[in-house]
Amino acid sequence: MTKEQFAEALGAKGIVLTERQMEQFDQFFHLLVEWNEKMNLTGITEEGQVYNKHFYDSITPAFFFPFDKVESVVDIGGGAGFPSIPLKICFPHLKMTIIDSLNKRMNFLQHVANELGLEHVNPVHGRAEERGQEPAHREKYQLVVARAVARMNLLSEFCLPFAKVGGHFVALKGAEMTLELNEAKKAIKTLGGKTRKVETFQLMEEAGERNIVIVEKVEATPKSYPRKAGIPAKKPII
């Protein structure tokens, strides 16, 4: 995928990029490759692949969810800046918090925000299980996003505690979601969520099937969730 094809594909979905936004994507690509030599950010470094499998893929939730209608967003486990940074470039009004357990990645994201001139980007070091219990973050966001972090039942425990009641959790997932969603039904309900829709599509250039899962936060998450670090992974809600 060339930069021009990237811009055209987004334009076809109603997301028209300015020259400045195209420059920001270019800067982000070069910073990603540069820092990737010092730390493990991504296994994908070829420019066309980054534009398709990282940048375009990160923006696909906006084809199905109105990002212009929300302001406060948190990206859980978004260490290399996906989907948070591409979404922030496309929707500059977003107040974007990014939570990840690796501090080095937070330094990278702060540097990216500074270099690209992105305001209201707040990288926060910590585990979702701990931050999700803190008053500063718990049920404070209109939208929670996460990309390919864990299976849906586990991911729901990481993410739903951050969403306000009436807010949403949007998961960017790979192929074959039916089994995973069935497995996650109890977890989503227990944590105060209700699955509103699942959108299935093919990423461009035969890069595979993707699913966008949109969950509405309909009730407050019980205080006992998220459980202490490590417990959700060992004993997922099933």
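Residues numbered from 1 in each chain as written. Predicted model: local features only at pLDDT ≥ 70, side-chain atom pairs only at ≥ 80, totals over all residues. Heavy atoms only, no water.

Its place among the elements puts Tyr-141 in strand β4 (residues 141–147). The class of Tyr-141 is buried, set by a relative accessible area of 6%. Separated by 91 residues in the primary sequence, Tyr-141 and Val-50 place their C-alpha atoms 28 Å from one another. There is a polar contact of 2.8 Å between the side chain of Tyr-141 and the side chain of His-137. (Helix = DSSP H or I, 4+ residues; strand = E, 2+ residues; numbered from the N terminus. Buried < 20%, exposed > 50% of the residue type's maximum accessible area, 1.4 Å probe, protein only. Polar contact = N/O pair within 3.5 Å; in protein donor to acceptor, adjacent residues only side chain to side chain.)

Scanning the entire structure with this criterion turns up 16 aromatic pairs. Ring centres of Tyr-56 and Phe-63 lie 5.6 Å apart, and the angle between their planes is 55°; this geometry places the pair in the tilted category. Just as Tyr-56 is buried, Phe-63 falls in that class too. Here the aromatic residues Phe-6, Phe-25, Phe-28, Phe-29, Tyr-51, Phe-55 and Phe-82 are joined through ring pairs into a cluster of three or more. (Phe/Tyr/Trp six-rings, centres within 6.5 Å; stacked < 30°, edge-to-face > 60°.)

The subject of this paragraph is the UniProt feature "binding site: S-adenosyl-L-methionine" (unreviewed entry) in the protein chain. With numbering matched to this structure, UniProt assigns "binding site: S-adenosyl-L-methionine" (unreviewed entry) to Gly-77, Phe-82, Ala-128, Glu-129 and Arg-147. When the annotated set is filtered for residues lining the largest pocket, what remains is Gly-77, Phe-82 and Arg-147. In this fold, Phe-82 is placed in the loop between β1 (72–76) and α4 (84–90). Overall, Phe-82 belongs to the buried group, its relative accessible area being 6%. Phe-82 has contacts with Phe-28, Leu-32, His-54, Phe-55, Ser-58, Asp-75 and Arg-147, leaving out every residue within four places of it along the chain. (UniProt positions renumbered as here; feature names shortened; annotations may be inferred. 1 Å grid on protein atoms, 1.4 Å probe; cavity = no way out; pocket = protein on both sides within 12 Å on 5 of 7 lines; lining within 4 Å. Contact = heavy atoms within 4.5 Å.)

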